[in-house]
Structures are given as structure tokens and as C-alpha cells.
Amino acid sequence: MDKLNVIIIGGGLSGLSAAVELCARGHKTVVLEQHRYSGGRTYSFIDAATGDSIDNGQHLMMGCYHATRRYMRILGTEYLTLLQPSLRIVFLHPSKRSIHLACPPLPAPLHLLGGLIGFKGVPLKNRLEMLRVAKQLFYTSLSKEQDLDKLNVEEWLVKLGQSNLSRKFLWDVITIGALNNHPKNVSALMLFQVLRAAFLGKREYSSLLLPRAGLSDVLVNPAVEFIRRNGGNVLLGTEVSKVHFEDEKIISVSTREGKEFRAQVFLSAVPWFGLDRILSNSGISSELVIKTPSREICDWDRFKPSSIISLQLWFDRKIMEEEFAALVDTRVQWVFDKSLKFLSPLVSKAVKQQKEKGQHLSLVISGAQEFMEMSKEELLTIALIDLRRVLPKAKNANIVHSVVIKEKRATFSPSPGLEAIRPLPNTSFPNLFLAGDWTATGYPATIEGAVMSGRKAAELVHSKI
Ligand SMILES: Cc1cc2nc3c(=O)[nH]c(=O)nc-3n(C[C@H](O)[C@H](O)[C@H](O)COP(=O)(O)OP(=O)(O)OC[C@H]3O[C@@H](n4cnc5c(N)ncnc54)[C@H](O)[C@@H]3O)c2cc1C
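Bear in mind the structure is a predicted one, so any value in this text is a computation, not a measurement. Positions within a chain are numbered from 1, following the residues in the order the chain's sequence is written. The model is predicted, so local features are restricted to residues of pLDDT at least 70 and side-chain atom pairs to those at 80 or more, both for listing and for counting; the totals for chains, interfaces and linings are taken over all residues.

**Structural notes on the site of the ligand**
In this entry, near means the residue's backbone-placed C-beta atom lies within 6 Å of the molecule or strand. In the region of the ligand, 38 residues are neighbours, and Gly10, Gly12, Gly40, Gly57 and Thr446 sit closest. Helix numbering and strand numbering both begin at the N terminus, where a helix is a DSSP run of H or I of at least 4 residues and a strand a DSSP run of E of at least 2. Counting only elements with at least two residues in the shell around the ligand, the list comes to helix 1 (13-24), helix 10 (272-281), strand 15 (305-315), strand 19 (399-412) and helix 14 (447-463). Only Asp, Glu, Lys and Arg are considered charged in this grouping, and only Ala, Val, Leu, Ile, Met, Phe, Trp, Tyr, Cys and Pro are considered nonpolar; every other residue, Gly among them, is considered polar. In terms of residue class, the shell around the ligand is made up of 15 nonpolar, 17 polar and six charged. Domain borders in the structure are assigned automatically or taken from a domain database. When residues of the shell around the ligand are sorted by domain, at least three fall in each of domain 1 (5-41 + 214-301 + 414-463) and domain 3 (305-412).

As C-alpha cells, this is what we get:
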């Protein structure tokens, strides 16, 4: 069977996942990445002041991330993650202190029922109310699923009789965490699909999957090594500005640096605004090229970005016992203990002892549009106020070092109706394919959506020969 020459535009997870699949099948694949690092919105780096590896933002995965887990198995990095035996989340609240949602080790979906019933700290009336949403996951017919895309999450939850308290303590936390925007702004269908993927099937699908090393070590660098070992390449600092076509086929791409790359197949793995730029530079109408499941036009203006702010804080003492927790009634939504787990075994005993006295926490503000203009000092003040409201030991603790990372376009916002216009992997050019978390994956902007889209596009490329 002939092998293809493939160019992939974009070295984020969707591009890397496509390249891994194609290289594994023997296709000569080159990834062109504009930045001097791969990974796109998922990467880690070493903080010069502390020597700790930090991520561009804390990423949580789940047991139902099937494509991602397969990708990590190919790369041999699954051992760098920890899958909870059963879903367990600690919620910290300023007045209630800590509340645990802990699903018992029962087969699914009994584990969910057990978890919700045992969700003490939330009144029984609300726990029973929450079961109504669980019931919907089993009894919503396919035709009604499409109707869910007309509602936002808040409308859907109110329709299912979820009170303010039930929404605040559970559904809003899940929605903002998974869809990176407030329940009023995002499609009920998207939340429904996330909940179904997590709670239907095996118990472990709903367990959280935590990276135990920097994101680049778990998901990025081993992929680049795999691609290079298998006849492909990843070229950094290479920004594609145009595609060129002849006889209704793409023949090459040219870069801002003035190079041209020819190939038989091209795969775009850049976000929508990146593809928009490349197509308009090339004089190609996206309306004519992009295919959508509904056949509606893929209107770029309907894709809106949503922001995430991550705060890495090093404290002079230990202030949190939990490995991670969701915060309720605060502006910070999640906090993770990053101490020691990320410390190189080569670090000296003295440094280790010094670090053991303190604590490195990673805080997340999702759907953070309104915080984006704030200064680092303002954000640190907010973080400290919120931590002191939920963690008594934070009262006298001091921040000794901090890093704040703002990701303006962290994700797209899955607003109601958007599902119909998320692009399919094939286009009207027979040798141009699309991948990326924003394409029609059925998932919100996630690692899973990105990896799955790359694999799907690669399989489509492979099936063409
Ligand atoms: C702070 C933060 C927290 C997140 N938390 C989670 C989480 O907890 N769980 C989860 O599942 N997901 C999370 N996500 C989402 C997840 O990171 C993304 O969905 C995923 O990384 C998207 O991958 P992608 O390949 O589709 O796009 P990208 O990562 O954006 O990759 C596209 C790549 O294309 C490159 N590119 C663009 N234009 C060009 C061009 N013209 N030429 C060459 N290269 C180009 C870009 O530089 C980039 O490297 C989070 C994202 C952020 C930012």
C-alpha cells in the first residue's frame, strides 16, 4: 500500500494526535508549529525561581477520556497519571467548610446514586432533587437530545427542578469546570453529553484522571519523540500563512518565514480563528470549504472564546490537606496541591526539606473574561481572600513566590446551537482535513476532544488510500 506525504498545520494535541496515528501507519508526516514549543494550549515549563514544573493551566481529565488514554498508552505515559478508584470531590465552602461527594465502589450507575445520596452537607431535599438530573441521563431519547441544544444549562436545570442550592453546590461547579463558562452561556446538550460520557458505562469513566507530571511530559514531548522516531518531524517556529491549490486540490502551504511545503495531504489542526486567517489569506471562502453536520454555514462569528486564569502560589507553610478541591461561593473555583509530586528526584535533601515546609498550590479561575484586565497584584489579592475564606490555615500564611498565567482564548464557548456548525473532519477539498477541539467532536473544548479529533481525521486520511 502506498504511503502518503502529509503536512499537519498546528502542533497542539489535535495535530500531535493526528501525527502519531499517521506515523504509526507509516505515512511520512510533518507537523508545522508556529511557536518554539509544541502542545498549543497544553504545555508545561520549569519555573526558574523554584525549579518546579508548572503547567500553562491545571488540566483535569476523566476516566471517560478514551481517546486520550489510548494516546497515552501509545506514548507509554499513562503511568504519569492517577485515576481515582471512584469519583471523589471535596467542596470547600466559606461557611460549611468541607463537603465530600464520594461515589462508593459500586458498579455504575449505582455509584452515582450512592454518591449523590451520601453528599452530606447538602440537605436531603436537594440531594433527591439532584437525582432527577441523573435520571435524565438514562431516559432522554435521541430526538429530545437535539432539543437540548436550544437551551442553556441554567434553563435545563431549572426545568428539571434544580434549586439554586443544588445548582451552586454541584451542577455549576461541573458546568464551569467542564465547559469553561457560566451556565447561562452554554448549551445544555454539551453538559448532558459530558455527564452521559462520565456516568453511563463503567464506574471508572466518571473518575478524575490527574496528571502526576508536567503536561509536556505526559502529553506533548513523548508524542514529538514518537513522531520523529517513526519517520515524521515537528518543525517549530514555522507559521503557515497560506495554502495553495490547483485543480481543486491543495498542493502546498507557504509560511511567514518564506518556505513552501508540498505534500499529498494537508490537515489543519489550528483553532477556528487560525483557520479563518489562513483561508482568507489564500483567497478561499470558508463557506465553500467547510462541511458541517447540519449543512448550515460554519459562521466564525458564532465561535466565541472563553478565558482561564491560573495562579501558581508558593506558600511559606502547608495550608491545605486535600490533594485538590472545588471552591463554592468564591471567585477561585479549584485549587490543587502541586507540592513535591513534581519535584525531580535529583533535587538535594536540603531543598526538599525546605519545600516540605511550604506548599505549592495551583488555583483556577475559569470563564474568567471579567478578570482578564486585572493586574497580577489584584488577582493575588482575590486568591488570598478566597483561600482564607475556606482554608483556616491560610489566615497567617504568606505567599513567597507566584506566577499568574492568563489564557485569553483558552477554549471556545459551547453556546446553544453551536453543535450544528462545528465542522466535520472532511472538507470540499478532497485532500484537506480538519481537526481541533472546536470541530464536531461532541465534546466541549477538551484534551479529549482535541486528541479524538486528531485521531478521527488521521483515520479518514488513511482510509483514502
Ligand atoms: C488554561 C487551560 C486549562 C484547560 N483545562 C482543561 C482541562 O482541565 N481539561 C481538558 O480536557 N481541557 C482543558 N483545556 C482545553 C485543552 O487544553 C484544549 O482543548 C486543547 O489543548 C486544544 O488542543 P488543539 O490541538 O485543538 O488546539 P491548540 O492547543 O490551540 O493547538 C493549535 C496549535 O496550532 C498552532 N498554530 C495556530 N496557527 C498556526 C499556523 N498558522 N501555523 C502553524 N501553527 C499554528 C498553535 O500555536 C497551537 O500550537 C484547558 C485549556 C487551557 C488553556
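**Observations regarding the domain arrangement of the chain**
According to the domain assignment, the chain contains domain 1 (5-41 + 214-301 + 414-463), domain 2 (101-203) and domain 3 (305-412). Inter-centroid distance (C-alpha atoms) of domain 1 to domain 3 is 33 Å. Two residues qualify as a contact pair if the distance between their C-beta atoms, derived from the backbone, is within 7 Å. In this assembly, six residues from domain 1 lie in contact with five residues from domain 3.

**So, the sheet that holds strand 13 (residues 260-262)**
When DSSP finds two or more bridges between a pair of strands, those strands are recorded as paired. On the basis of which strands lie adjacent, the open sheet formed by three strands has the order 11-12-13 and antiparallel pairing. Each edge of the open sheet is held by one strand with a lone partner, namely strand 11 (240-246) and strand 13. Ignoring which end each strand starts from, the neighbouring axes of this sheet average 25° apart. Of the strand pairs in this sheet, strand 11 and strand 12 (residues 249-255) are connected by six bridges, and their pairing is antiparallel. Of the residues in strand 12, the one forming a bridge with Glu246 is Lys249. For helices, the axis comes from a line fit to the C-alpha atoms of the stretch in contact; other axes are also lines fit to C-alpha atoms, and the angle between any two N-to-C directions lies between 0 and 180 degrees.

**A look at helix 13 (residues 376-390)**
A helix is expected to span 1.5 Å for every residue after the first. Counted at 1.5 Å a residue, the expected span for helix 13 with its 15 residues is 21 Å, and the 21 Å between its end C-alpha atoms agrees. Note on burial: count the other C-beta atoms lying within 10 Å of the residue's C-beta; 20 or more is buried, 12 or fewer is exposed, in between is partly exposed, and C-beta positions come from the backbone. Among the residues of helix 13, Leu379, Ala383, Asp386, Leu387 and Val390 are the ones counted as buried. Buried residues along helix 13 cover an arc of 100° about the axis, so they all sit on one side. Residues of helix 13 that are exposed and point over 90 degrees away from its buried face: Glu377, Glu378 and Thr381. Check the buried side of helix 13 and you find it contacts strand 7 (88-93), strand 15, strand 16 (324-327), strand 18 (359-366) and strand 19. The arc under discussion is defined with respect to the helix axis, by the directions toward the C-beta atoms.

**Comments concerning the packing of helix 1 against helix 14**
In contact at an axis separation of 7 Å, helix 1 and helix 14 are set at 40° when each is read in the N-to-C sense. When the axes of helix 1 and helix 14 are compared, the pair comes out oblique. Helix 1 and helix 14 meet at a crossing whose hand is right-handed. Listed contacts from helix 14 to Leu13, Ser14, Gly15, Leu16, Ser17, Ala18, Glu21 and Leu22 of helix 1 are Ile447, Ala450, Val451, Ser453, Gly454, Arg455, Ala457, Ala458, Glu459 and Val461. For classification purposes, an angle smaller than 35 degrees is called roughly parallel, one larger than 145 roughly antiparallel, one from 65 to 115 roughly perpendicular, and anything else oblique. What makes a crossing left-handed is the near helix being turned counterclockwise from the far one by less than a right angle; a clockwise turn instead makes it right-handed.

**Describing the nonpolar core**
Ile8, Ala18, Ala19, Leu191, Leu267 and Val335 are the most contacted members of the largest nonpolar core, which has 117 residues in total. Of all the elements, helix 8 (residues 188-199) adds the most residues to this core, at 10 residues. With near-sequence residues (within four places) excluded, Leu191 lies in contact with Val153, Thr175, Leu179 and Val186. Joining buried Ala, Val, Leu, Ile, Met, Phe, Trp, Tyr and Cys residues through C-beta atoms within 7 Å gives a set, and that set is a nonpolar core.

**Description of the environment of Gln34**
Within the secondary structure layout, Gln34 lies in the loop between strand 2 (28-32) and strand 3 (44-46). Overall, Gln34 belongs to the partly exposed group, with 19 C-beta atoms counted inside 10 Å. Put simply, Gln34 and Arg203 are 169 residues apart on the chain and 40 Å apart in space, counted from C-alpha to C-alpha. The contact partners of Gln34, leaving out residues within four places of it in the chain, are Thr238 and Glu239.

**A closer look at the packing of helix 4 (residues 124-139) against helix 7 (residues 164-179)**
Look at helix 4 against helix 7: their axes get within 10 Å of each other, and the N-to-C directions meet at 70°. Judged by the angle between their axes, helix 4 and helix 7 are roughly perpendicular. Two secondary-structure elements touch here, helix 4 through Asn126, Glu129 and Met130 and helix 7 through Leu165, Ser166 and Leu170. Grouping the constituent residues of the contact of helix 4 with helix 7 by class yields three nonpolar, two polar and one charged.

**Some remarks on the sheet that holds strand 15**
Pairing in this open sheet of seven strands is mixed, and the strands run 8-7-16-17-18-15-19 from one edge to the other. The open sheet has two free edges, formed respectively by strand 8 (97-102) and strand 19, since each of these has just one partner strand. Direction aside, the axes of adjacent strands within the sheet are offset by 25° on average. Strand direction decides the pairing type here: strand 17 (residues 334-337) and strand 18, joined by four bridges, are antiparallel. Note that in strand 18 the partner of Phe336 across the bridge is Ser362.

**What about the pairing of strand 7?**
Where strand 7 and strand 8 come together, six bridges link them in antiparallel fashion. By the bridge assignment, Leu92 is partnered in strand 8 with Ser98. Sheet analysis places strand 7 next to strand 16, joined by two bridges and oriented parallel. Looking at the pairing, Leu92 lines up with Leu327 of strand 16.

**Things to note about helix 10**
Among all positions of helix 10, only Trp272, Leu275 and Leu279 are buried. Buried residues along helix 10 cover an arc of 65° about the axis, so they all sit on one side. Of the surrounding secondary structure, the elements contacted by the buried residues of helix 10 are strand 14 (265-268) and helix 11 (286-289). Residue Gly283 follows helix 10 closely and has a positive phi angle near 70°.

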